Amino acid sequence: MELIDTSRIPNHIAIIMDGNGRWAKQKGHDRIYGHSNGVESVRESIKTAREFNVKYLTLYAFSTENWNRPKEEIDALMDLLVTTIISEIEELKENDVRLKIIGNVELLPEKCIQALKDAEERTASNKGLTLILALSYSSRWEITNAVKEILKNGCAQNEITEELVSSYLNTAGIPEPELLIRTSGEQRISNFLLWQIAYTEFYFTEVHWPDFKRDEFLKAILEYQNRERRFGKISEQIKA
Ligand code: FPP
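First things first, this report covers the structure right here in the doc. The structure presented is a predicted model; accordingly, all values stated were derived computationally and were not measured.

1. Points about the site of the ligand
Okay, step 1: Looking at the ligand, there are 18 residues lining it, with Met-17, Asp-18, Arg-22, Arg-31 and Arg-69 nearest.
Okay, step 2: Contact distances for the ligand include 3.0 Å between an oxygen atom and a backbone N or O atom of Gly-21.
Okay, step 3: Arg-31 places a side-chain nitrogen or oxygen 2.8 Å from an oxygen atom of the ligand.
Okay, step 4: About the coverage of the ligand: the protein hides 92% of its 630 Å² of free accessible area.

2. Let's talk about the environment of Phe-217
Okay, step 1: Locating Phe-217 in the fold gives a position in helix H7 (residues 214–225).
Okay, step 2: With relative accessibility at 1%, the residue Phe-217 sits in the buried group.
Okay, step 3: Put simply, Phe-217 and Glu-44 are 173 residues apart on the chain and 9.0 Å apart in space, counted from C-alpha to C-alpha.
Okay, step 4: Ignoring any residue separated from it by four or fewer positions in sequence, one finds Phe-217 in contact with Ile-13, Ile-15, Ser-45, Thr-48, Ala-49, Leu-57 and Phe-212.

3. Brief notes about the environment of Val-54
Okay, step 1: Following the sequence through the fold, Val-54 ends up in the loop between helix H2 (31–51) and strand E2 (56–63).
Okay, step 2: With relative accessibility at 0%, the residue Val-54 sits in the buried group.
Okay, step 3: Once the C-alpha coordinates of Val-54 and Lys-100 are considered, the two residues, 46 residues apart in sequence, prove to be 15 Å apart.
Okay, step 4: When neighbours within four sequence positions are excluded, Val-54 is seen to be in contact with Ile-9, Pro-10, Asn-11, Ile-13, Ala-49, Gly-128 and Leu-129.

About the criteria used
Residues numbered from 1 in each chain as written. Predicted model: local features only at pLDDT ≥ 70, side-chain atom pairs only at ≥ 80, totals over all residues. Heavy atoms only, no water. Near = heavy atom within 4 Å. Polar contact = N/O pair within 3.5 Å; in protein donor to acceptor, adjacent residues only side chain to side chain. Areas by Shrake-Rupley, 256 points an atom, 1.4 Å probe, with all protein chains shown as cover. Helix = DSSP H or I, 4+ residues; strand = E, 2+ residues; numbered from the N terminus. Buried < 20%, exposed > 50% of the residue type's maximum accessible area, 1.4 Å probe, protein only. Contact = heavy atoms within 4.5 Å.

Structure, rendered in structure tokens:
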């Protein structure tokens, strides 16, 4: 922890939480057990993000493609989501965490929509950390939706800029992530924040999500701090 430079903490960290199912299977349990244990890693990531003054934390909790999973697993994940949101809301408020949901929320069960809307409203004035949950989310859906809205609003061709497109995404107003973490050994993006990660540093770890605790979170930050971000420039220009 003393190796971390607190003046260079990423402002926005995005995480693809992967490996709950494999973690559970290795322990001889069903996949749901993995998801339930994954909640503790979610809590710890939020706590650690707050501790190190990360301002935005985006968690990929349920992708559009996840709707293709067996119904029992989807139902269990939705239940877990509602119970976790309800049981954690006071803690989020106490810790100055604002909740924001991105994704095609309309597809979620009504009880989820209500719980999430309520939690967003009750944490709306918090400023410490913005916790963004990507639910029923896919980046291609988000970009396609943005294109439809841009056309619907009758934007002229010469008005279309990168800033305008960004402003039509679910993440409008949220700075792009400096660091993207994916757990569990897979090295792919799985339709997550494709527009927003143009210059993001990627960190892949073999650790399954339920084992991704404070130390692992800090390891990812440390690795990020050892990277040189050039944004297309050369090394000497960055150091000047
Ligand atoms: C990926 O593991 C995990 C998910 C699709 C769900 C993540 C959900 C949680 C951690 C719990 C609820 C979250 C919140 C925010 C309260 P996987 O099932 O793809 O694992 P596998 O690749 O080993 O099969």
